[in-house]
Amino acid sequence: MLASQRQALIRDMVRAHGSVRVTDLVRELDVSAMTIRRDLDHLAQEGTVQKVHGGATLPGRSTTDEPGFESKLVRDLAEKEAIAALAATLVRPGSAIGLSAGTTTWTLAHRLLGVDGITVVTNSVRVAEVFDGQPGERTVVLTGGVRTPSDALVGPVAVGSLRHINLDVVFLGTHGMDAHRGFTSPNLLEADMNRSLVASAQRVAVVADHSKWGLVGMGTFAALEDVDVLVTDDGLPAAALESLEAAVDEVLVATTLPLGGQVAAAPRPAV
């Protein structure tokens, strides 16, 4: 195989999976690690990949980049609406749920206004405000903590508030998802808080649109295998969907409609 053909394959693999490892490329392409590293050097110089320890990722994706809530709110709106509508079918009346901070969980909160009798535990002031003054029977518990740029409440006070709480299901937003690094956050304290939410739940669901694939934040809060349900959208590449379905117990794919369209709701299963 010519070097140009091999590099084209590597380029396609990075685009499909978000990241690649040298060891996997050596096995897949049946060449030496030194050859793979030369290929990655070439691709990095042309700007199509970013070399990292042990492999490569898509370029321009810092592990510590933490966009603010407002900047994230306007991204992928149709996808978030579709994901929220599908995720809401996982919640039954009377259950205790957790909602992490994030724009997708904020969108999901609006979909849960019609579910009576739920108890919502969240570390997001924005999410708590969605339920404030709305009709219906529900209890909202807001953790304390220090506010991050993405409007999450984090730190020892936030983590400590979950120590003796048991939830039926927790819904987590994520900065990024990657086949090797799992679900990540650029903020280490937020990653710590998300791990506490995971520990408090009988069932863990992540809500993430296709743009999160291949992004890697500084702190991993869950491996792919630690998550019971992933709710994503139909913009996810086929190879990425295959990787996720191989690791996550259940992957639900929402059909994205134009904003204002209606998303059909499936019957509510028991959590």
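Bear in mind that the values here come from a model prediction, so they are computed numbers and not experimental data.

The next thing to look at is the overall build of the protein. Secondary structure assignment for the protein yields 10 helices and 15 strands. Counting across all 271 residues of the protein, residues that qualify as buried make up 49%. Just so you have it, the protein exposes about 12200 Å², and 51% of that area is on carbon and sulfur atoms.

With that settled, consider the nonpolar core. Membership of the largest hydrophobic core comes to 33 residues, with the highest contact counts inside it found for Leu172, Met177, Phe183, Leu230 and Leu244. Elements with a minimum of two residues in this core: helix 8 (156–160), strand 9 (167–172), helix 9 (188–200), strand 12 (201–207), strand 13 (219–222) and helix 10 (238–247). When residues in this core are grouped by element, the largest group, 4 residues, is from helix 9. Here leucine 230 is in contact with Met177, Phe183, Val206, Ala208, Leu244, Val248, Glu250, Val251 and Leu252, once residues within four sequence places are set aside. The next biggest cluster of nonpolar side chains, apart from the first, holds 27 residues, and it includes Val169, Phe171, Ala205 and Val231.

On average, the protein scores 87 in pLDDT, and the residues at 70 or more come to 89%. Every residue in residues 262–271 scores below 50 in pLDDT, and together they form 25 contacts with partners more than four places removed in sequence or on other chains.

Cut-offs and rules
Each chain carries its own residue numbering, running from 1 in the direction its sequence is written. With the structure being a predicted model, the display of local features is reserved for residues of pLDDT at least 70 and the display and counting of side-chain atom pairs for 80 or more, all residues being used for whole-chain, interface and lining totals. Side-chain figures throughout are based on the complete set of non-hydrogen atoms in the structure, without hydrogens or water. Numbering of helices and strands runs from the N terminus, with a helix taken as a DSSP run of H or I at least four residues long and a strand as a DSSP run of E at least two residues long. Each residue gets one of three labels from its accessible area relative to the maximum for its type: buried under 20%, exposed over 50%, partly exposed in between, using a 1.4 Å probe on protein chains only. Each accessible area is a Shrake-Rupley estimate made with a 1.4 Å probe; only the visible protein chains count as cover when residues are assessed. By nonpolar core is meant a set of buried Ala, Val, Leu, Ile, Met, Phe, Trp, Tyr and Cys residues that side-chain atoms within 4.5 Å join together. Throughout, a residue-residue contact means that at least one pair of heavy atoms, one from each residue, lies within 4.5 Å. The quantity called pLDDT is the predictor's confidence in a given residue, expressed from 0 to 100.

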